[in-house]
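Letter by letter, the chains look like this.
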Amino acid sequence: MPSSPAPGGRGRRPVDRPPITPAGIVDAALRLTETDGLDAWSTRQLAAALEVWPRAVYHHVGDRDAVADAVADRVVSMIPLPPRELPWREWFGSLLLEGRPVLRRYRGVARRLVRIGPIIPSALTMMDRGILVLQEAGFGDGATAAYRYLTNSAFTLVMVEDDRAENLPEARVRLAGALAAHRDDPERRGLAAVGAAVTSRGTDDPEAIAALEDDFYAYTVERSLDGVAAVLERPDRGGLQG
């Protein structure tokens, strides 16, 4: 198979390169997503990374949305699905806690999942398994709503973390400093308590600030699980439908 010409008049693709395949295109898009984020690269940039014309990407995978879906599918497939026999709360705790570092590694995938929904195969597999776990736990017709609540709560928070890291990288440092300034404020004891807590972890140490985000994510997951667990104590059990 002859090599494809590289874009921009830079000659032909080296003959020692492997042929272009859909998997190879997704591999390259995955690398761009890891470095720049899912929404930061264009089809032309992807083609340049592969040293092919953009039409090769369209021919093998499709338009940019199709490639983005394929990247998201690849990323979500990296999230370990817990064993089905786990109790529902442990199952979702494991899924959401282990899913966060995978999604954070590939910025923008969480946003795509939240905004577009689980239209990709790996997300549909995750949904199928999660709803089945909830049904077997007794959530009945409310299993779908419980699943959406748990995953959307967690993945929306990841989306916010991605946006902050991409657009406001110093926002957490500024916020920590602003809160720490109130640690000895006698007139606003609520802010003083927050300031003291932030100061105890450090206000200008990126690792300490990252640890605060880790703690808050874990807190969000636990409180979401508490809320869904309360549904099982209601007379109707299923709660909201669908």
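Summarised in this report is the structure supplied together with it. All of these numbers come straight from a predicted model, not from anything done at the bench.

### Observations regarding unusual backbone geometry
Most peptide bonds take the trans configuration, and most residues that are not glycine carry a negative phi.
Okay, so step 1: The residue glutamate 51 is not glycine, and still its phi comes out positive at about 60°.
Okay, so step 2: Topologically, glutamate 51 is positioned in the loop between α2 (43-50) and α3 (54-60).
Okay, so step 3: By relative accessible area, which is 25% here, glutamate 51 ends up partly exposed.

### Digging into the nonpolar core
Okay, so step 1: If you look at the biggest cluster of nonpolar residues, it comprises 54 residues, and the most contacted ones within it are Leu46, Val71, Trp88, Phe92, Leu103, Val109 and Phe139.
Okay, so step 2: A total of 8 residues in this core trace back to one element, the largest contributor, which is helix α8 (residues 143-167).

### As for the packing of helix α4 (residues 64-77) against helix α6 (residues 109-116)
Okay, so step 1: Where α4 contacts α6, the axes come no closer than 10 Å and their chain directions differ by 110°. For the element pair α4 / α6, the angle class is roughly perpendicular. Note on element contacts: α6 touches α4 through Val109, Arg112 and Leu113, opposite Asp65, Ala68, Asp69, Ala72, Val75 and Val76.

### Details of the pattern of salt bridges
Okay, so step 1: Evaluated as defined, the whole model comprises 15 salt bridges.
Okay, so step 2: For aspartate 226, the salt bridge goes to arginine 223, with nearest N and O atoms at 2.7 Å. Taken as a pair, aspartate 226 and arginine 223 lie in helix α11 (residues 206-231) at a separation of 3 residues, close to a single helical turn.
Okay, so step 3: Salt bridges here are not isolated pairs; linked through shared partners, they connect Arg100, Arg104, Glu161, Asp162 and Asp214.

What counts as what
Residues numbered from 1 in each chain as written. Predicted model: local features only at pLDDT ≥ 70, side-chain atom pairs only at ≥ 80, totals over all residues. Heavy atoms only, no water. Helix = DSSP H or I, 4+ residues; strand = E, 2+ residues; numbered from the N terminus. Buried < 20%, exposed > 50% of the residue type's maximum accessible area, 1.4 Å probe, protein only. Core = buried A, V, L, I, M, F, W, Y, C linked by side-chain atoms within 4.5 Å. Axes fitted to C-alpha atoms, helices over the stretch in contact; angles between N-to-C directions. Parallel < 35°, antiparallel > 145°, perpendicular 65-115°, else oblique. Contact = heavy atoms within 4.5 Å. Salt bridge = Lys/Arg side-chain N within 4 Å of Asp/Glu carboxyl O.

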